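# Observations on the model geometry
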Amino acid sequence: AQSVTQPDIHITVSEGASLELRCNYSYGATPYLFWYVQSPGQGLQLLLKYFSGDTLVQGIKGFEAEFKRSQSSFNLRKPSVHWSDAAEYFCAVGLRSSGDKLTFGTGTRLAVRP
Amino acid sequence: EAQVTQNPRYLITVTGKKLTVTCSQNMNHEYMSWYRQDPGLGLRQIYYSMNVEVTDKGDVPEGYKVSRKEKRNFPLILESPSPNQTSLYFCASSLRGTVTYEQYFGPGTRLTVT
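As a starting point, this report considers the structure included with it. (Residues numbered from 1 in each chain as written. Chains lettered and ligands numbered in written order. Predicted model: local features only at pLDDT ≥ 70, side-chain atom pairs only at ≥ 80, totals over all residues. Heavy atoms only, no water.)

### A word on the pairing of strand β9 (residues 87-94) of chain B
Residue and element names in this part refer to chain B. To keep things clear, this is the line we draw: A simple rule labels every residue: compare its accessible area, found with a 1.4 Å probe on the protein chains alone, to the largest value its type can have, and call it buried under 20%, exposed over 50%, or partly exposed in between. Note on conventions: DSSP H or I runs of at least 4 residues are helices, E runs of at least 2 residues are strands, and numbering of each starts at the N terminus. Here a strand pair is declared whenever DSSP counts at least two bridges between the two strands.
Among the eight residues that make up β9, eight are buried, leaving the element largely enclosed by the rest of the structure. Every second residue of β9 is oriented toward a common face, with S87, Y89, C91 and S93 on one face and L88, F90, A92 and S94 on the other, all of them buried. Where strand β4 (residues 31-38) and β9 come together, seven bridges link them in antiparallel fashion. Following the sheet pairing, R36 is matched in β9 by Y89. Relative to strand β11 (residues 109-113), β9 runs antiparallel, the two being bridged by three bridges. Bridge pairing links Y89 to T109 in β11.

### Points about the layout of surface pockets
The condition that has to hold: The definitions used throughout rest on a 1 Å grid laid over the protein atoms alone, on which a cavity is an enclosed set of points accommodating a 1.4 Å probe that cannot get out and a pocket is an open set flanked by protein within 12 Å on both sides along at least five of seven lines; lining residues are those having an atom within 4 Å of a point. Grid points are joined across faces, edges and corners, and a volume is the space filled by probe spheres set on the points. The nonpolar class holds Ala, Val, Leu, Ile, Met, Phe, Trp, Tyr, Cys and Pro. Asp, Glu, Lys and Arg form the charged class, and all remaining residues, Gly among them, are polar.
The space that makes up the largest pocket amounts to roughly 520 Å³. Within the residue set of the lining of the largest pocket, elements represented by two or more residues are β10 (87-95) of chain A together with β4, β9 and β11 of chain B. Counted by class, the lining of the largest pocket contains nine nonpolar, 14 polar and five charged residues. Reported here for the second largest pocket is a volume of approximately 350 Å³. Looking at the second largest pocket, it is lined by 19 residues, and the ones nearest its centre are Q42, G43, L44 and Q45 of chain A together with F105 of chain B. At the level of secondary structure, the elements contributing two or more residues to the lining of the second largest pocket comprise β5 (32-38) and β6 (44-50) of chain A together with β10 (104-105) of chain B. Sort the elements by how many residues they give to the lining of the second largest pocket and β6 of chain A lands first, with three residues.

Below, the structure is given as structure tokens:
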């Protein structure tokens, strides 16, 4: 069955430290890959997406993600975290052939230590 | 301003009392969708609509109804709410579909059924 896994439920990092949030998927083909952020009391906002081409993609707010086909992973990174990055982050995957439907991971809640 | 609006933002109701959560978008998007978000489960799609008068079930449609009489509106109806429908609900829209085109999310409706 198709699935997406975010193994870390909660992560706490210090402000200014680097960040990596993990996302693994299990699909029959390479899916389209997304990262969304949900700030407290807000809806989800798209950070970045990968469809094809360069495996390192840049997004908004200084985030980037790297697609690694051999590891079925699409990890989100930021070199220096700001207090405003505290939020919940969702990885999502989709296949055009699956009816153009996104499947979301269970989310990783990020806390930022001053 | 391009946006998806939902009303109400917060709702407490009792078992069996019919309710409607409204969703409206001003971007002339064809695709609209409802999700529910539960701790540890991420976002799960309830229903979606590819265009006016075209709706289909998502992953968790039981206990919900939708309609799409106008392009901009996509209300979610709970005809007989039960406590297991206590959740955070998001409406989303995109130009067409969810994989190729960016989804825009509303701010969410927190529903409590007692």
